[in-house]
Amino acid sequence: MIPATVKLNSKSVFLSQPYQPALADTDELVGRLDESRDVLAAWVAQPRFPRLCPLLVGDAGVGKNRLVYELARYTDKELYILQGHEDVTAEDLTCAVRFSDDAERKMDYVLSPLATAMLRGGICFIDEIGKLRPRALAPLASVLDERRYLDSVLLGERIHAHRGFAFIAATNGSDLVGGTLPEFIGSRLRPVIEVGYPSRAEIDEIVRRRFPRLERPAPASDRLISRFWQLWRDERGDQPPSPRDTLYLFGLMLNLVDAEGAPPGEVLLEAPAAPAPPDMRHLEAAFRRLFGRKE
Ligand SMILES: Nc1ncnc2c1ncn2[C@@H]1O[C@H](COP(=O)(O)OP(=O)(O)OP(=O)(O)O)[C@@H](O)[C@H]1O
Ligand SMILES: [Mg+2]
């Protein structure tokens, strides 16, 4: 059980809450063995040499978050996520204050996902780190090198990382092109691990695991999947689809089947217990809606 608050420097401080991905047993991670090994190797703690802090770099929807969720599962650690954007401040990275719901107090201190992971020995994942401004990133410098502490001006406290603490960040390749990650952070985020596009066989497997409904009967789903690849090639040429693109396409295709089969006048918000099978029409309509050129 994760406590809601802890005492720091005689102040009662709220903790961030970890993220627990709701992954079905059938929906296993496909591939990514090399990337997983690279991260786990970076996270081996040597005596007097702390874990390295890897940076995942890859295009939108290729599976960076998914890889981190899986690593949290393998290592059985709590996962604390901080979503990067332009308005994140240095306080958001350490400790913030908010108006309290408690009539006895005016303000509550709230520890960031980073500070909470450091105290609890969990994983801190900063997503889209390339979007943070250099000023906001400043407190990270002492966390990522061997000092492993975080200073909070608000609390007047130095938070030292628990031995179990591990760090990882992710960014879209295009956010790095403009050189948005300052050198003092970039040089501490090592190794850089490229997360590329899965192969066609892996993409097919991702779709089948997410939508077990496509399995039966197999020849029909094989035909739908190969038609998808044909449409994709015609529309996008050599640019590969991401797992997200493909999951959205097959998800929308199934939605179109279910919406079509709904009794007249009924609003359908959940898939029916005995759904109809999809056919090419549904696949092509979903493809046009998601990826077709605007006329
Ligand atoms: N190897 C994989 N096995 C199974 N599912 C995957 C895999 N890779 C990605 N997915 C699924 O594809 C979708 C998109 O992945 P994810 O959100 O992790 O991408 P991302 O790289 O973090 O994207 P963004 O840059 O937009 O944040 C998710 O539903 C994820 O579960
Ligand atoms: Mg992501």
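Keep in mind that what you see is a predicted model, and the values were worked out from it rather than measured.

Draft legend 1. The arrangement of the site of ligand 1 in detail. Around ligand 1, a shell composed of 17 residues is seen, among which V30, G61, K64, N65 and R244 lie nearest. Taking K64, its side chain carries an N or O atom lying 2.6 Å from an oxygen atom of ligand 1. In this structure, an oxygen atom belonging to ligand 1 sits 2.8 Å away from a main-chain N or O atom of R66. Counting atoms within 2 Å of the grid points, the majority share of ligand 1 lands in the largest pocket. Grouping the amino acids of the shell around ligand 1 by side-chain chemistry returns 7 nonpolar, 3 polar and 7 charged. For the shell around ligand 1, the two domains that each supply at least three residues are domain 1 (5-194) and domain 2 (200-291).

Draft legend 2. View of unusual backbone geometry. In this structure, P191 follows R190 across a cis peptide bond, with omega equal to -5°. Relative to the assigned elements, P191 resides in the loop between α8 (183-186) and β11 (192-194). A positive phi is found at R48, a non-glycine position, where the angle reads about 60°. Within the element layout of this structure, R48 appears in the loop between α1 (33-42) and β3 (55-57). Phi angles above zero are rare outside glycine, and E128 is one such case at about 50°. Looking at where E128 falls in the secondary structure, it is placed in the loop between β7 (123-127) and α5 (134-137).

Draft legend 3. Spatial organisation of the layout of surface pockets. Counted as a void, the largest pocket has a volume near 660 Å³. Around the largest pocket, the lining comprises 30 residues; the ones closest to its centre are G61, G63, N65, R66 and R244. Its residues placed into classes, the lining of the largest pocket shows 15 nonpolar, 6 polar and 9 charged.

Draft legend 4. Geometry of the nonpolar core. If you look at the biggest cluster of nonpolar residues, it comprises 34 residues, and the most contacted ones within it are L111, L114, I126, I129, L140, F167 and L189. Secondary-structure elements contributing two or more residues to this core are β3, β4 (79-83), α4 (113-120), β7, α6 (140-144) and β10 (166-171). Top contributing element to this core by residue count: α4, with 4 residues. Beyond its immediate sequence surroundings of up to four residues, F167 is in contact with W43, L52, C53, P54, L114, C124, I126, L140, L144 and L189. V30, F211, W232 and F287 belong to the second-largest nonpolar core, a separate cluster that totals 23 residues.

Draft legend 5. Local environment of the packing of helix α10 (residues 218-236) against helix α11 (residues 243-261). Across the interface, α10 lies against α11 with an axial gap of 12 Å and an inter-helix angle of 125°. With respect to α11, the axis of α10 lies oblique. Two packed elements cross with a definite hand, and for α10 against α11 that hand is right-handed. Contacts between α10 and α11 involve L224, I225, F228 and W232 from the former and D245, T246, L249, F250 and M253 from the latter.

Analysis parameters
Residues numbered from 1 in each chain as written. Chains lettered and ligands numbered in written order. Predicted model: local features only at pLDDT ≥ 70, side-chain atom pairs only at ≥ 80, totals over all residues. Heavy atoms only, no water. Near = heavy atom within 4 Å. Polar contact = N/O pair within 3.5 Å; in protein donor to acceptor, adjacent residues only side chain to side chain. 1 Å grid on protein atoms, 1.4 Å probe; cavity = no way out; pocket = protein on both sides within 12 Å on 5 of 7 lines; lining within 4 Å. Sits in = over half its atoms within 2 Å of the grid points. Nonpolar A, V, L, I, M, F, W, Y, C, P; charged D, E, K, R; others polar. Domains from an automatic or database assignment. Helix = DSSP H or I, 4+ residues; strand = E, 2+ residues; numbered from the N terminus. Points joined across faces, edges and corners; volume = space filled by probe spheres on them. Core = buried A, V, L, I, M, F, W, Y, C linked by side-chain atoms within 4.5 Å. Buried < 20%, exposed > 50% of the residue type's maximum accessible area, 1.4 Å probe, protein only. Contact = heavy atoms within 4.5 Å. Axes fitted to C-alpha atoms, helices over the stretch in contact; angles between N-to-C directions. Parallel < 35°, antiparallel > 145°, perpendicular 65-115°, else oblique. Left-handed = near helix turned anticlockwise from the far one by under 90°.

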